[in-house]
Amino acid sequence: MKVTDDQGHELDAHFTLERLARGIDLIVASRGGAGKATPVGRNIDYEKGVEILLARLAQRRAVLDGVSVDSAVARRLPPGVRRLAAQGFQFPLELSAVTQIRALRLDIRRSVVAFGQPEGAIGGNPTKRLRLHLDWPAAASVPLEVLEADLARSESVPAAGGFDPVVVAVQVAAAINELRVRTAQNLPISQPVGGPGGVKARGETFYYPRKGDVIAWVLHAAGGHCEICSDAAPFLKSDGEPYLEVHHVRHLADGGPDQIDNAVAACPNCHRRLHFAADREALRLALVARIPRLVDYPKVGVIDLLAVTLEAHRVAHSPYPP
């Protein structure tokens, strides 16, 4: 994957992820000089890419267990010898607690330069291939390609179409892990704000926005049981979480908001029933009456929804800011 900066510019900075028994390694490709195949060199944005990745890992509450040089020469050495000793930081390091990500990146850079050099030597290569060893519980059940895509792209630059299942999947995993920790420590759990219903426009595409923290809160509140039939989830996922699906009691397409007072956790069978059963409206009303947090939001008519859609499209294409 190539890193995209916060302005949406793709950088020449490659990385990949590897899942190991002890956690996840983020591997940063080395920078190379110019040649026939690469006239301007390869991975020329190496250092900017490393800094962006560290910042995004901090936002996702990853812990940096250490950094190792992963060049072809270094891989002949024992793992402990390849580990870098940072000067200003101690591992394991809670990245979310680091106030100066650039200072951390520069500290790693100095350690990379000194690696393999005799004491007192001047110079050295600061852009070697690296392995960042991560303790990242929230990512345990998320496919690597999903995590890579999430780290590669800035949150301020959504995917085409606006709704990005990659970002939402990572948000849900991280939020569920945080809820699990707060529950275990008897800490208060706040209710997410959520977002409005209806449609959004991005370019020529319309989409229904989803909030990862809303999905996570509803699943956590259900306690592993379907809120419609009260049965236990049909199975556990690979991360040990019960498999349930989040359903909007008033559909987003009908103007319902993406909020916890309009969402329930359902087993797959009940979820299909809420969409396709002959008595689905009676079932919906029964849910609203039985679950205290739910609100019976009004259905937005087709004409009203079309007006909202057209207005969203007009704003998206207007040369003037809203």
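Cut-offs used in this document
- Residues numbered from 1 in each chain as written.
- Predicted model: local features only at pLDDT ≥ 70, side-chain atom pairs only at ≥ 80, totals over all residues.
- Heavy atoms only, no water.
- 1 Å grid on protein atoms, 1.4 Å probe; cavity = no way out; pocket = protein on both sides within 12 Å on 5 of 7 lines; lining within 4 Å.
- Points joined across faces, edges and corners; volume = space filled by probe spheres on them.
- Helix = DSSP H or I, 4+ residues; strand = E, 2+ residues; numbered from the N terminus.
- Nonpolar A, V, L, I, M, F, W, Y, C, P; charged D, E, K, R; others polar.
- Buried < 20%, exposed > 50% of the residue type's maximum accessible area, 1.4 Å probe, protein only.
- Lys, Arg positive; Asp, Glu negative; His and termini not counted.
- Salt bridge = Lys/Arg side-chain N within 4 Å of Asp/Glu carboxyl O.
- Polar contact = N/O pair within 3.5 Å; in protein donor to acceptor, adjacent residues only side chain to side chain.
- Contact = heavy atoms within 4.5 Å.
- Axes fitted to C-alpha atoms, helices over the stretch in contact; angles between N-to-C directions.
- Parallel < 35°, antiparallel > 145°, perpendicular 65-115°, else oblique.
- Left-handed = near helix turned anticlockwise from the far one by under 90°.

(A) Main features of empty space enclosed by the protein. Tallying each qualifying case throughout the model produces 1 cavity of 30 Å³ or more. In this structure, the largest cavity occupies an estimated 60 Å³ of space. Around the largest cavity sit Tyr46, Glu47, Val50, Arg105, Ile108, Arg109, Val112, Pro126 and Leu130, which together line it. Elements with a contribution of two residues or more to the lining of the largest cavity: α1 (46–59) and α3 (101–114). When residues of the lining of the largest cavity are assigned to their parent elements, the largest contribution, 4 residues, is made by α3. Among the residues making up the lining of the largest cavity, the classes are represented as 6 nonpolar, no polar and 3 charged.

(B) Spotlight on the side chain of Glu148. Among the secondary structure elements, Glu148 is positioned in helix α4 (residues 144–152). As a buried residue without a salt bridge, Glu148 has its nearest oppositely charged side chain in Arg19, at a separation of 9.3 Å. Of note is the side chain of Glu148, whose polar atom sits 3.0 Å from the side chain of Thr16. Setting aside its immediate chain neighbours within four residues, Glu148 contacts Met1, Phe15, Thr16 and Leu17.

(C) Here's a closer look at the packing of α1 against α3. For the pair α1 and α3, interaxial distance at closest approach is 9 Å and the crossing angle is 125°. Taken together, α1 and α3 sit at an angle that is classed as oblique. The two elements α1 and α3 meet at a crossing, and its hand is right-handed. Packed against α1, whose contacting residues are Glu47, Val50, Glu51, Leu54, Ala55 and Ala58, the element α3 presents Ile101, Arg102, Leu104, Arg105, Ile108 and Arg109 at the interface. Of the residues that constitute the contact of α1 with α3, the class distribution is 7 nonpolar, no polar and 5 charged.

Honestly, it's all geometry; don't read function into it.
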